Amino acid sequence: MEVEKMDENEWKYHGEGNQSLVVAHCQRCVVLRFLKFPPNQNKTSEEILEHLQNIVDFGKHVMKQFFGEKYVHHGEIVQLPLDFIRQLCLKIQPERPESRCDKDMDTLSGYAMCLPNLTRLQTYRFVEHRPILCIEIKPKCGFIPFSSHVSQEIKHKVCRYCMHQHLKVANGKWKRPSKYCPLDLFSGNKQRMHFALKSLLQEAQNNLKIFKNGELIYGCKDDQDSVSDWNELARHLKPFFFPSNGLVSGPHCTRTIVKELIHVITMTLLSSTEACRAGDMRTVPISHGRSYCEASPFNKELVRNGKHKLESSGLPRGCLLYKTLQAQMLDMLDIEGLYPLYNRVEQYLEEFPEERSTLQIDGPYNEAFYEKLLDLSTEDDGTVAFALTKVQQYRIAMTAKDCSIMIALSPCLQDECSEQRPVVLTSKSRFTFSVSVLDLDLKPYESIPHQYKLDGKIVNYYLKNVQAKDDPVMSSLFKENEDCTLVLHKV
C-alpha cells in the first residue's frame, strides 16, 4: 500500500465493533482497522502503536498456534498521513450506527492495521471479476460448563447463549429471542447444524452477516433491526446457486435457495482443509459435560416427540469449528472458579506492582507467553503462577468464544477446479471456498470482574423469569404469590 498518496475517496465504511473501526478499499482486497476510544480518553501515539503491535503479535504467536497458519490473518501496522485519516473520519461518520458513536476513531496517532479484506479475499488469486459470496458467523460458546465450581445447576443444563438471549430481549437489545443454540452448530450432527444455521438466518442479530462482492446484503446493521427478508436474500443468491435460472420463482424457490446455502455453509464448516493439527496443543476432551442444551428448540422438539437421545456426531479434528471449540474449552474452571484466582493475582499485583510486566499481563505476546498456556492442570497449588496461567487461559477462551468465522465462496466451472483448491458442490453449481477466522484480539484482563457480574445477572434472570414459567409447578407457585411483596434475599 502506497502510504504517501492516500485518497479518502478510495475507501468506504466497512463496519465496527466495540474496540475498532474498519474501512475497506473500493478496488483492492484490503481493509484498514483503526482503534476507537471514548471522546475524553487521549492515548499517546506510542501507547497506540504498542496496543496495535500487541494485537499483531497475539495473532501471530498465539492464535496461529491454536487455529493453524491457514486460518489466521494477523495483518501489519501502517503509518498513514494524518490529513488522510481526518478526511476519512469525516467521510464515514454519517454511515456509522448510532449505537457505536459513543467512541471516536483514533485520528491522532496516524497508526492503523492493514489486513486482507476477508469478505472478498480468497486464499487463491482468482480471476478478479468472479463474484464472491462471503458468510460471516459468530458462533459463540459451543459447550456447557463442566466445572465443579459452578454453583447453579442450571448452568450444567442450559448454555450461556440461550440464557443470555432472554436478558438481552428484556433489556431491549433485541425484539425476540433467537432459536439459534451454539451447541447445535458445534455438534457436528448435520440435522442439528442445519437447524442452527436456519435459526441464525431467521434471527441474524449480531451473529450472521452475508456479503456479496464485499457489500453487506444480509444481517442487521444495528441492534434493533433484525427482521429478515429471505426473498430479498434469495434474489441475491439465485445466480450463485442456480446459474442457468432453471428454477421457478416464488416461495418454493426462496426455500430451495436458503436450503442450498445452509448445505454449503455446513459442508465448508466441517471441511478439514489442513492436514496437520495446529501447534502442539494438548486437547481438552470434548466428552466433558453434555453435548446438548436443554433450552435449544431442536432439543425441545425431540423431547416433545418422545425422543430423549440426541445424536452428537462430533466434529472432524481438522475443521475450524473443532479448533474453535478446543480454544474455548480452555475455560476449564468457569468464571465462578476463575474469579477467586483473578483476585489472587490482583492481590499479588497490589503488593508488587512492578511485577506486572514480568507476568506478561499486557504482553508482549510471544512464544514464551504461548508456552505457559499449555499447562492444562486444574489442581490448584495455591501459587500466583497457577492462578495467572488459568486467568490467561480464560482470556484466550473468551477470545475464541467471540471470534468470527468467514467463509468465502466463488463459483467455479467443472474444468477449472484443480486439485489444490477445496471445492463444495450443490445441486446445480460448484464453489471453491476459503475459511478464515477473525476478531481474535485478546480479551482484556480488566474485564474479568465484569464477566463475573454479568454471569450472575444472566443466570439469575433466567432462573427467575424463564425457568419458573417453563415449570408448571413453579409457575403456579409464582402465580399464587404474585400479590406478595416480601422478597427474601440470601445473606
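Residues numbered from 1 in each chain as written. Predicted model: local features only at pLDDT ≥ 70, side-chain atom pairs only at ≥ 80, totals over all residues. Heavy atoms only, no water.

Going by an unreviewed UniProt entry, the protein carries the name Inositol-pentakisphosphate 2-kinase and comes from Crypturellus soui. The UniProt entry for the protein carries the following comment under Sequence similarities (unreviewed entry): "Belongs to the IPK1 type 2 family." UniProt's Catalytic activity (unreviewed entry) comment on the protein is quoted here verbatim: "1D-myo-inositol 1,3,4,5,6-pentakisphosphate + ATP = 1D-myo-inositol hexakisphosphate + ADP + H(+)". (UniProt positions renumbered as here; feature names shortened; annotations may be inferred.)

A.B. asks: I'm lost on the overall build of the protein in this one. Help?
C.D. replies: Summing up its helical and strand segments, the protein has 14 helices and twelve strands in all. Of all 491 residues assigned to the protein, the portion counted as buried reaches 50%. Within the protein, residue pairs in contact and separated by at least 24 positions form 73% of the contacts whose partners lie at least 6 positions apart. (Helix = DSSP H or I, 4+ residues; strand = E, 2+ residues; numbered from the N terminus. Buried < 20%, exposed > 50% of the residue type's maximum accessible area, 1.4 Å probe, protein only. Contact = heavy atoms within 4.5 Å.)

A.B. asks: Explain the pairing of strand E1 (residues 11-16) to me, please; I cannot follow it from the model alone.
C.D. replies: The side chains of a regular strand alternate, first on one face of the sheet and then on the other. Alignment of E1 against strand E2 (residues 20-25), held across five bridges, turns out to be antiparallel. Within E2, the residue paired with lysine 12 across the bridge is alanine 24. Linkage of E1 to E2, two consecutive antiparallel strands, is achieved through a turn of three residues. (Pairing = 2+ DSSP bridges.)

A.B. asks: How should the nonpolar core be read in this particular structure?
C.D. replies: Generally speaking, soluble globular proteins have nonpolar side chains that are buried together. With 89 residues, the main nonpolar core has Val62, Phe66, Leu201, Ile210, Phe241 and Ile396 as its most contacted residues. Residue contributions to this core peak at nine residues, all from helix H7 (residues 251-270). Both domains that meet at this core, namely domain 1 (8-117) and domain 2 (134-464), each give it at least three residues. Listed in part, the 18 residues of the second largest apolar core include Met6, Leu32, Val78 and Cys89. (Core = buried A, V, L, I, M, F, W, Y, C linked by side-chain atoms within 4.5 Å. Domains from an automatic or database assignment.)

A.B. asks: So what exactly am I meant to see when it comes to the state of the cysteines here?
C.D. replies: A covalent bond between the sulfur atoms of two cysteines is referred to as a disulfide. Applying the stated rule across the entire model yields zero disulfides. Cysteine 101 supplies the cysteine sulfur nearest to cysteine 89, a cysteine that is in no disulfide, at a spacing of 9.8 Å. (Disulfide = S-S within 2.5 Å.)

A.B. asks: Is there a simple way to think about the pairing of strand E10 (residues 404-411) in this case?
C.D. replies: Among the eight residues that make up E10, seven are buried, leaving the element largely enclosed by the rest of the structure. Two strands pair when backbone bridges link them, and strand E7 (residues 133-137) and E10 are joined in this way by five bridges, in the antiparallel orientation. Each residue of the ladder has a partner; that of isoleucine 135, found in E10, is isoleucine 407. Relative to strand E12 (residues 430-438), E10 runs antiparallel, the two sharing eight bridges. Bridging from a neighbouring strand, proline 411 pairs with phenylalanine 431 of E12.

A.B. asks: What exactly am I supposed to notice about a positive patch on the surface here?
C.D. replies: There is a patch of like positive charges on the surface, built from Lys179, Lys198, Arg255 and Lys259. Position of lysine 179 relative to the elements: it lies in the loop between helix H3 (160-170) and helix H4 (182-185). (Patch = residues over 30% accessible without salt bridge, like charges linked within 9 Å, V, L, I, M, F, W, Y side chains within 5 Å. Areas by Shrake-Rupley, 256 points an atom, 1.4 Å probe, with all protein chains shown as cover. Salt bridge = Lys/Arg side-chain N within 4 Å of Asp/Glu carboxyl O. Lys, Arg positive; Asp, Glu negative; His and termini not counted. Charge placed at Lys NZ, Arg CZ, Asp CG, Glu CD.)

A.B. asks: Teacher, can you tell me more about the pattern of salt bridges here?
C.D. replies: Side-chain pairs of opposite charge can arise whenever the charged atoms involved come near each other. A complete count under the given rule lists 19 salt bridges for this structure. One salt bridge connects lysine 36 with glutamate 16, and the closest N-O pair in it is separated by 2.8 Å. On the criterion of sequence distance, the pair formed by lysine 36 in strand E3 (residues 30-37) and glutamate 16 in strand E1 is long-range, its members being 20 residues apart. Taking relative accessible area as the criterion, glutamate 16 reaches 15% and is therefore assigned buried. Linked through salt bridges whose partners overlap, the residues forming this network are Lys155, Arg160, Asp334, Glu336 and Asp455.

A.B. asks: Even after reading the chapter, I still don't get the sheet that holds E12, so can you show me in this structure?
C.D. replies: Across a sheet, strands are paired by hydrogen bonds formed along the backbone, either parallel or antiparallel in direction. Taken in spatial order, the six strands make up an open sheet running E9-E8-E7-E10-E12-E11, and their pairing is antiparallel. Two strands lie at the open edges of the sheet, namely strand E9 (215-218) and strand E11 (423-425), each paired on one side alone. For this sheet, the mean angle separating the axes of adjacent strands, direction not counted, is 35 degrees. Bridge analysis of E11 against E12 gives three bridges, and the strand direction is antiparallel. Counted as the bridge partner of valine 423 is threonine 432 from E12. Across the sheet, helix H6 (residues 230-241) lies against E7, strand E8 (208-212), E9, E10 and E12, angled at about 120 degrees from E9, the strand it touches most. (Axes fitted to C-alpha atoms, helices over the stretch in contact; angles between N-to-C directions.)

A.B. asks: How should helix H10 (residues 334-351) be read in this particular structure?
C.D. replies: Residues separated by three or four positions in an α-helix point in the same direction, a consequence of the helix having 3.6 residues per turn. When the terminal C-alpha atoms of H10 are compared, their 27 Å separation across 18 residues agrees well with the 26 Å that a helix rising 1.5 Å per residue should span. Considered for burial, the residues of H10 that qualify are Asp334, Ile335, Glu336, Gly337, Leu338, Leu341, Tyr342, Val345 and Leu349. (Expected span 1.5 Å × (residues − 1).)

A.B. asks: Can you walk me through helix H1 (residues 45-67) in this structure?
C.D. replies: With 23 residues, H1 extends 31 Å from end C-alpha to end C-alpha; this agrees with the ideal 33 Å at 1.5 Å per step. At the exit of H1 stands glycine 68, carrying a positive phi of roughly 100 degrees.

A.B. asks: Is there a simple way to explain the packing of aromatic side chains in this structure?
C.D. replies: Two aromatic rings are characterised by how far apart their centres lie and by the angle between their planes. Tallied over the full model, the rule gives eleven aromatic pairs. When the centroid spacing of 6.1 Å and the interplanar angle of 15 degrees are considered together, the rings of tyrosine 339 and tyrosine 342 count as stacked. In this pair, tyrosine 339 and tyrosine 342 both sit in helix H10, three residues apart, roughly one turn of the helix. For tyrosine 342, a relative accessible area of 6% corresponds to the buried category. (Phe/Tyr/Trp six-rings, centres within 6.5 Å; stacked < 30°, edge-to-face > 60°.)

A.B. asks: It is not clear to me how the environment of asparagine 189 should be interpreted in this structure. Could you clarify?
C.D. replies: With respect to the element layout, asparagine 189 can be found in the loop between H4 and helix H5 (190-202). Overall, the relative accessible area of 10% leaves asparagine 189 in the buried class. Taking the C-alpha atoms as reference points, asparagine 189 and threonine 266, 77 residues apart in sequence, are found 9.8 Å from one another. At a separation of 2.9 Å, a polar atom in the side chain of asparagine 189 contacts the main-chain amide nitrogen of glutamine 191. (Polar contact = N/O pair within 3.5 Å; in protein donor to acceptor, adjacent residues only side chain to side chain.)

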